Amino acid sequence: MDRKLANEEALKRLQDSEPYLVGAGIALDVVPGMKKNLILHAGPPITWDKMCGPMQGAVIGALIYEGMAKDEASARKLAASGEIEFEPNHHHQSVCPMAGIMSASMPVFIMENKKYGNFSYTNMNEGLGKCLRFGAFSDAVVERLHWMTDVMYPLIKEALEMSDGIDWKALVIQSLQMGDDNHNRNRAATALFVKYIGQYLCKVNGDKEKIAKVFEFINGNEHFAINITMAMCKAITDAAHNIPGSTIVTTMSRNGVEFGIRVSGLGDEWFTAPANTPIGLFFPGFTQEDSNPDIGDSCITETTGIGGFAMAAAPAIVQFVGGTYKDAVSYTKEMYEITRAENKNFKIPTFDFRGTPTGIDIVKVLETGILPRINTGMAHKDPGVGQVGAGLVTAPMDCFKKAARYMVEKGLNK
Amino acid sequence: MKRVNDIFGKDLKVLNIGLEQFCIDLKEQDVTAIQMDWRPPSGGDKEAADLLSALLG
Amino acid sequence: MIATKQLSEFEGVTDAVILMGSDLNKEVLTRTGLLTPESEAAVCEDLIIAVKAETQEAIDKAMAAVDGLLNQHGSGDDGEEYMPKSFDSAMKAVTGLNFCIISVPGKYAKGEAMKALKNDMHVLLFSDNVTKEEELELKTYARDNGLLLMGPDCGTAMINNVPLGFANKVRKGNIGMVGAAGTGMQEVMVLIHKLGGGISQAIGTGGRDLSLEIGGITMLQGIEALNNDPETKVIVVISKPPAEEISDKILTYIKENVKKPTVINFIGGDKSKVEAAGKEAASTLEEAAIKAVKLAEVPCCSKYSRENDDELTALAAEQAKLIKPGQKYLRGLYSGGTLCYESMLVLRDYIGDVYSNTPLNKKMKLADANVMQENSCVDYGDDKFTVGRAHPMIDTTLREEEFVKEIEKEDVAVILLDVVIGYGTHKDPAGVFAKKIKQAKEKMEKKGIYIPIICYICGTEEDPQNWAFQKATLEEAGAIVVSSNAKASKLAGMIMKAL
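Residues numbered from 1 in each chain as written. Chains lettered and ligands numbered in written order. Predicted model: local features only at pLDDT ≥ 70, side-chain atom pairs only at ≥ 80, totals over all residues.

## Considerations on the overall build of chain A
In step 1: Counting its secondary structure elements, chain A contains 14 helices and 15 strands.
In step 2: The C-alpha atoms of chain A give a radius of gyration of 20 Å, which matches the 22 Å a tight globule of 414 residues would have.
In step 3: Across its three principal axes, chain A shows a C-alpha extent of roughly 55 × 45 × 45 Å.
In step 4: Within chain A, the proportion of its 414 residues that are buried is 61%.
In step 5: Look at the contacts in chain A between residues 6 or more apart in sequence, and 74% of them connect residues 24 or more apart. (Helix = DSSP H or I, 4+ residues; strand = E, 2+ residues; numbered from the N terminus. Rg over C-alpha atoms; globule rule 2.2 N^0.38 Å. Buried ≥ 20, exposed ≤ 12 C-beta atoms within 10 Å, placed from the backbone. Contact = placed C-beta atoms within 7 Å.)

## What to know about the interface of chain C and chain B
In step 1: Chain C puts 35 residues into the contact, and the matching count from chain B is 32 residues.
In step 2: Looking at the side of chain C that touches chain B, the elements that each hand over two or more residues are helix 5 (87–93), strand 3 (99–102), helix 6 (106–118), strand 7 (162–165) and helix 9 (217–227) of chain C.
In step 3: If one sorts the elements of the side of chain C that touches chain B by residue count, strand 3 of chain C sits on top with 4 residues.
In step 4: Residue composition of the side of chain C that touches chain B, grouped by class: 19 nonpolar, 13 polar and 3 charged.
In step 5: The pairing of strand 1 (residues 13–17) of chain B with strand 3 of chain C spans 4 bridges and is classified as parallel. If you follow L15 of chain B over to strand 3 of chain C, its bridge partner there is C100 of chain C. (Nonpolar A, V, L, I, M, F, W, Y, C, P; charged D, E, K, R; others polar. Pairing = 2+ DSSP bridges.)

## Here we look at the sheet that holds strand 14 (residues 373–379) of chain A
All names here are of chain A.
In step 1: What the 3 strands build is an open sheet, ordered 10-15-14; its pairing is antiparallel. Each having just a single partner strand, strand 10 (279–282) and strand 14 make up the two edges of the open sheet. Neighbour-to-neighbour, the strand axes of the sheet open up by a mean angle of 20°, direction not taken into account. (Axes fitted to C-alpha atoms, helices over the stretch in contact; angles between N-to-C directions.)

## Re the nonpolar core
In step 1: Grouped together as the largest cluster of nonpolar side chains are 146 residues, with contacts concentrated most on I102, V123, M177, V188, V236 and A292 of chain C.
In step 2: Here the element with the most residues in this core is strand 16 (residues 412–420) of chain C; it accounts for 8 residues.
In step 3: Apart from the residues lying within four places of it in its own chain, the contact partners of V188 of chain C are M177, V236, I238, L285, A288 and A289 of chain C.
In step 4: I60, M124, M335 and V388 of chain A belong to the second largest nonpolar core, which has 139 residues in total. (Core = buried A, V, L, I, M, F, W, Y, C linked by C-beta atoms within 7 Å.)

## Re the pairing of strand 4 (residues 107–113) of chain A
Strand residues, when the strand is regular, have side chains that alternate between the two faces of the sheet.
Residue and element names in this part refer to chain A.
In step 1: With 7 of its 7 residues buried, strand 4 lies for the most part within the structure.
In step 2: Of the two faces of strand 4, both are covered, the one formed by P107, F109, M111 and N113 as well as the one formed by V108, I110 and E112.
In step 3: Pairing geometry for strand 1 (residues 19–26) and strand 4, over 7 bridges, is antiparallel. Its bridge partner lying in strand 4, I26 is registered against P107.
In step 4: For strand 4 and strand 5 (residues 119–123), the ladder comprises 5 bridges, and the chain directions are antiparallel. Note that in strand 5 the partner of F109 across the bridge is T122.
In step 5: What sits between strand 4 and strand 5 in their antiparallel hairpin is a turn of 5 residues, with G117 showing a positive phi close to 80°.

## Some thoughts on the environment of K92 of chain C
Residues and elements named next belong to chain C.
In step 1: With respect to the element layout, K92 can be found in helix 5.
In step 2: Take K92: there are 12 C-beta atoms within 10 Å of it, and that puts it in the exposed class.
In step 3: Distance in space between the C-alpha atoms of K92 and K107 is 27 Å, their sequence separation being 15 residues.

Spelled out as structure tokens, the structure:
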């Protein structure tokens with residue numbers, strides 16, 4: 001198995017994939033392997049009893065939304081009963097931010113990688129503050145989920161199906177040049193999404209008031225695009241996955257307790273370690289003690305060469321996490337030391353349009369001791385409080401050591 | 001077959017790893033030189049270094 | 001747009017353009033006659049590359065280059081000096097790196113040196129505390145690949161007149177050097193310069209190259225290279241006396257292969273074997289320089305004053321008179337290992353063996369290198385002093401402290417001090433010691449004691465510190481500055497003998 005050739009193939013696919021946002025559907029209908037009693041979550045596999053506060057809260061909210069439980073107590077009982085199955089989003093070609101809970105009735109976006117023919121899915125972003133993804137499960141949260149399913153989803157679905165699909169890579173390329181890093185700052189991407197979908201939304205068969213509400217909803221949430229961007233990244237990394245002999249990382253994800261990675265040449269094996277807690281700036285009233293450990297599928301963005309790996313393209317976000325522009329530059333430059341390609345599409349204007357560091361190689365991580373740096377929001381450790389700040393966090397070294405050990409033990413490096 | 005003599009008469013292009021003064025001195029004499037921001041292999045993590053050797057075989 | 005311009009400049013290309021497939025751009029293509037059915041059908045997210053050329057070959061060539069053109073980028077210069085963190089990124093930042101200087105802690109040195117060699121770079125390995133096995137592995141690889149591994153523990157080299165590591169700025173010329181002794185090479189280089197000669201190349205081998213286990217790999221490579229170098233007319237070989245087997249190996253190689261005039265200084269070694277090999281032998285570094293310059297047929301330069309024996313004898317007698325009966329001992333404080341070594345050899349003829357941390361005679365090893373006894377010469381650049389501390393040629397602190405300690409002792413008669421200048425070393429060692437000397441002299445005067453402080457400055461006027469300026473500074477403070485290391489030790493020996 002020639003590692004260099006295998007990696008070249010993985011890097012090629014990471015860069016020449018063609019991800020298009022082609023439609024929307026209900027999870028049970030479109031997400032492979034979805035079941036009525038299956039709940040998908042962010043990060044590597046985890047059982048109900050081990051889940052962190054925000055994730056449990058989100059599960060409770062989902063069960064209430066599904067009508068399978070009427071309140072917190074009965075939801076908890078049901079979740080612990082064994083009747084509900086829990087699996088990672090990643091096992092079903094999906095990715096969702098923060099707690100990342102996806103249940104059968106939820107509407108999802110559909111991303112198609114037209115170059116390699118694979119699909120990916122993600123849920124729809126509810127907004128900021130007290131949301132399901134932060135573990136909130138109040139009546140308001142559940143009602144909003146119903147509105148999204150009953151009102152917003154059909155309209156968006158119709159709009160998307162009117163279009164030929166939105167070239168999401170082209171959108172992200174533009175947003176990178178407009179100050180987004182596409183993980184912590186998605187403002188430009190969201191605006192561009194509205195630009196593209198607006199022309200179709202205004203033509204769909206629906207109540208004007210309802211359509212207006214959809215615009216209002218999206219415009220009020222600058223992070224709306226993050227889910228879709230994550231789905232793009234999932235569609236790209238899935239295409240680069242399962243290349244025998246390749247040491248390129250194709251998944252990075254966290255469930256609020258553990259951080260997990262998967263490597264292209266190592267199949268579906270997860271390599272996990274306790275998740276680190278991000279360090280950064282806090283919203284007024286919150287401190288480091290309030291923060292939950294790292295959580296969410298959103299570092300699929302860094303896995304694809306954007307997000308924290310494009311920090312120098314988003315100086316605004318560095319301030320947001322407590323750093324300076326110089327920090328952004330040096331953090332980004334450091335990532336070139338652990339990646340194998342300079343992205344042919346995603347460019348950093350202030351680096352004279354140098355491509356972003358793309359394709360983390362576990363060999364380089366072990367060689368340098370430098371860990372992938374992720375730019376992320378922080379959730380409150382108690383369910384339902386919401387985001388408490390934003391910061392920087394690294395993937396744990398142990399994940400990469402475990403991957404190397406596995407590769408050697410199974411003779412997959414030969 | 002490469003010979004030591006091949007370097008004689010050529011412009012030196014120097015990579016300096018360690019004491020920065022050596023690099024500063026070269027630059028002062030207009031010799032092409034670059035300083036590496038060196039850190040121990042695997043960040044000083046012996047276990048990582050060993051696993052890497054095993055992986056690379 | 002930049003890529004478009006570059007593409008248009010390709011040979012045989014009459015017109016070229018790279019643009020997005022928007023309607024507006026398609027109009028541009030129509031206007032410039034570059035529209036094709038394919039580009040007509042493009043959508044606005046497509047990138048159209050249109051090339052019009054005289055031959056198909058020109059088109060193919062241009063198209064092949066497009067990917068590179070579109071992905072080129074500037075240095076990404078944000079104003080700060082970029083320091084790569086790995087060989088890969090270093091080689092991307094500077095194409096054609098052919099040399100690597102390594103001074104990382106010993107346990108990591110081999111790894112970095114091997115990476116450098118595998119990336120086709122010659123290596124100056126300054127690091128010490130590298131094992132013999134590691135050295136052998138590195139040098140074997142280097143030799144098999146036509147590369148130099150100068151080291152470990154090698155601080156000095158000069159390639160293409162570029163001082164590398166601790167080295168002095170000297171004239172370029174026709175004398176080539178290979179040496180296993182860093183400050184030894186520096187001494188010979190600066191003296192050759194002062195005598196009007198110049199250096200073609202100076203190759204360091206590291207202090208252990210001539211051990212039995214290593215077998216002189218780098219020395220032989222160096223001699224061969226200088227032998228084949230048209231610029232080198234005279235070869236100088238310097239090292240402490242090697243094991244007999246190795247000395248024979250080197251001399252046999254030279255006898256059989258080297259026709260150029262060669263001066264060999266196995267410092268304190270057996271001259272007869274050298275002469276049997278048909279080459280010039282020298283016992284001191286100074287003598288090696290003088291012989292080399294003569295063989296190179298350089299018209300002798302009398303710009304630098306060099307004391308002759310009579311002058312030294314007179315000066316020694318004069319100094320001895322100023323020293324009181326209770327003052328019995330000589331103390332030498334050295335930053336250059338080879339200078340210390342040579343010094344002890346020269347002193348042997350006057351006061352016998354002296355104590356040292358690196359003694360000529362094993363029985364004279366100091367129990368504690370920090371405590372001098374009787375006649376002592378200490379090499380502060382020795383490995384044991386440099387773990388976790390910078391070399392004394394860079395950091396003068398330790399030697400300053402020891403100097404102050406010794407000069408306040410009432411049983412000390414003479415102090416010997418080497419001051420090595422040049423690249424890599426302390427900005428103003430003379431200034432530092434002059435200060436201490438002045439302070440000490442004040443104290444001594446009060447006590448009515450006089451201790452001659454004999455200094456040798458190893459350097460040239462071309463060096464950043466400027467040899468002449470350093471000399472003036474030390475003399476102004478009351479030190480006696482002599483023209484070579486051998487002469488300084490000779491003077492000290494003479495004074496001691498005259499007591």
